[in-house]
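If you want the building blocks of each chain, they are given just below.
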Amino acid sequence: MATEPIAETLDRTTPALALSGGGFRAALFHCGALIRLNELGYLTKVTRISSVSGGSIASGMLAAAWPRLKRSGDRFDDLDQRVIEPLRAFCRRSVDTAAVGWGSLLPGKSIGDVLAGIYDDLFEGKTLQDLPEGPQFVFNATNLQTGRLVRMQKERLADYTIGLIPKPKIRLAVAVAASSAFPPVLSPVEIDLDPRSWVKLDGAIHHGDPNYTARLSLTDGGVYDNLGLETVDGFDPIIVSDAGAPFGTEESSSGLWPKQALRALDIATDQARGLRKRLLFATAASDKRVVAFCGIDGDPSRYPAPQNLKASPAAIAQLAKMRTRLDPFSDAEQGRLINWGWLMMDVALRSYVATSSPAPTRLPISGMPLT
């Protein structure tokens, strides 16, 4: 079979958004980021939204609701009703415990199957083919077989060591489950495919091998790229919402092998994230492209935009260290995470993208201070 080039489907001089992993903590932080993006008129301008793990939960809800959102000019009027409130309700559930419990007990069901079934409650059974033509929603997972990124979107499913499948008929819940299947507890999520549906690409060394084409064994997209940056490379501007866990030092090391292994994994993950961030800023500077980066451990005072609102270092540190599980978050935890994501997206956008926008004077959720 002849190989096919990777088609360019979007104008890369348009805004793209990357939503990181980090469980429910990330989903809630991204809620705040989405609210501020919408208020500043940039959510409607984004042409691609790339997500991993907890970011895919937020992106999946936005994707499912997008065709029904009511738009006035460059803003959505009902983002809170159709996206934010359903996500907040979902983040009050014990998802990981339910998935592990029922997945271990139900015959013929894996933990990944149950996880996807739980997400179906949120996405109402929609498939990737039910998503809008634009923006492009890309849900990223990691292929445990090839060690490469698997991109799932309306237009294609692709692992470029295997090839691509045009217009994949996959439930949105399955794509999000694969993207957020934290290893080893919630993964793998397995997807059965018709081996004949793959189109070969240049460099697809596993194309035609049924060991790779008949079933994908997927885990959390954050294993490969916890920032979701690879699929937005080259866009201008690139807007990043990063709620990943900040790296922490330890005064003493453990002699126990399991603890050493986990610590080594943390170090390797932190280095990978650091390299991706440095590459992002280096290539953007070289190409004279704009990056608006907001991180959960960021410092608003280091951004050039004028500001009226403040966040204390103690509050920032507490929010950045909040758990990343898919377990119930209280209304207070939710409110503070949403306010923090909103504030960080505000200073990032007004510093580098929406530079003429005035500084806000109040947070979106009252009674949830960041001091």
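It should be noted that the structure appears before, not after, this text.
Residues numbered from 1 in each chain as written. Predicted model: local features only at pLDDT ≥ 70, side-chain atom pairs only at ≥ 80, totals over all residues. Heavy atoms only, no water.

Caption draft 1: Up close: unusual backbone geometry. Omega for the bond connecting G134 with P135 falls within 30 degrees of zero, at 0°, which places this linkage in the cis form. Mapped onto the fold, P135 is located in the loop between α5 (111-123) and β5 (136-143). In this chain, S187 is followed by P188 through a cis amide linkage whose omega measures 5°. Looking at where P188 falls in the secondary structure, it is placed in the loop between α6 (172-179) and β9 (189-192). Phi is positive for K167, close to 45°, though the residue is something other than glycine. Mapped onto the elements of the fold, K167 is located in the loop between β8 (163-166) and α6. Positive phi, normally seen in glycine, also occurs at K288, with a value near 60°. If you trace the backbone, K288 turns up in the loop between α9 (257-287) and β12 (291-295). Residue classification places K288 among the exposed positions, given a relative accessible area of 72%. (Helix = DSSP H or I, 4+ residues; strand = E, 2+ residues; numbered from the N terminus. Buried < 20%, exposed > 50% of the residue type's maximum accessible area, 1.4 Å probe, protein only.)

Caption draft 2: A look at the nonpolar core. Counting 97 residues, the largest nonpolar core has I57, L62, Y119, M152 and W340 as the members making the most contacts within it. For W340, the residues in contact, after removing those within four places along its chain, are F29, G295, I296, G298, P300, A311, I316, L319 and L370. In this structure, L229, V232, V240 and V291 belong to the second largest nonpolar core, which totals twelve residues. (Core = buried A, V, L, I, M, F, W, Y, C linked by side-chain atoms within 4.5 Å. Contact = heavy atoms within 4.5 Å.)

Caption draft 3: Summary view of the pattern of salt bridges. The final tally for this structure, using the stated rule, is 21 salt bridges. When the shortest N-O distance is used, the salt bridge between R93 and D121 registers 3.4 Å. One end of the pair, R93, is in the loop between α3 (79-90) and α4 (95-105); the other, D121, is in helix α5, and 28 residues separate them in sequence. The network of salt bridges with shared partners includes D96, R323, R325, D327 and E333. (Salt bridge = Lys/Arg side-chain N within 4 Å of Asp/Glu carboxyl O.)

Caption draft 4: Inspection of the environment of Q318 at higher detail. Turning to its location among the elements, Q318 is positioned in helix α10 (residues 313-320). Since its relative accessible area comes to 46%, Q318 is described here as partly exposed. C-alpha of Q318 to C-alpha of D297: the two residues are 21 residues apart in sequence and 9.4 Å apart in space. At 2.9 Å, the side chain of Q318 forms a polar contact with the side chain of R336. (Polar contact = N/O pair within 3.5 Å; in protein donor to acceptor, adjacent residues only side chain to side chain.)

Caption draft 5: Representation of the side chain of S187. The topology assignment puts S187 in the loop between α6 and β9. A polar atom in the side chain of S187 sits 3.1 Å from the side chain of T219. Apart from the residues lying within four places of it in its own chain, the contact partners of S187 are A181, F182, L218 and T219.

Caption draft 6: Molecular detail of the packing of aromatic side chains. Tallying each qualifying case throughout the model produces eight aromatic pairs. With a centroid separation of 5.9 Å and an interplanar angle of 70°, the aromatic rings of F24 and F90 are classed as edge-to-face. Residue F24 is found in helix α1 (residues 23-39), and its partner F90 is found in helix α3; the two are separated by 66 residues along the sequence. Exposure class is identical for F24 and F90. Each is buried. Pairing W66 with F137 gives two aromatic rings, centres 5.9 Å apart and planes at 75°, and the pair type is edge-to-face. With W66 in the loop between α2 (54-65) and β3 (71-72) and F137 in strand β5, the pair connects residues that are 71 residues apart, well separated along the chain. W66 gets classed as buried once you look at its relative accessible area, which sits at 12%. Since its relative accessible area comes to 2%, F137 is described here as buried. The structure contains a cluster of three or more aromatic residues connected by ring pairs, namely F24, F90, Y119, F123 and F329. The side chain of K45 reaches across the aromatic face of Y42, ending 4.9 Å from its centre. The ring of F329 carries R323 above its face, with NZ or CZ at 3.9 Å from the centroid. (Phe/Tyr/Trp six-rings, centres within 6.5 Å; stacked < 30°, edge-to-face > 60°. Lys NZ or Arg CZ within 6 Å of the ring centre and 35° of its normal.)

Caption draft 7: View of the packing of α10 against helix α11 (residues 331-352). One way to put it is that α10 packs onto α11 with a least axis distance of 11 Å and a crossing angle of 110°. Compared by their axis directions, α10 and α11 come out roughly perpendicular. Here A315, I316, Q318 and L319 of α10 come into contact with α11, specifically with R336, L337 and W340. (Axes fitted to C-alpha atoms, helices over the stretch in contact; angles between N-to-C directions. Parallel < 35°, antiparallel > 145°, perpendicular 65-115°, else oblique.)

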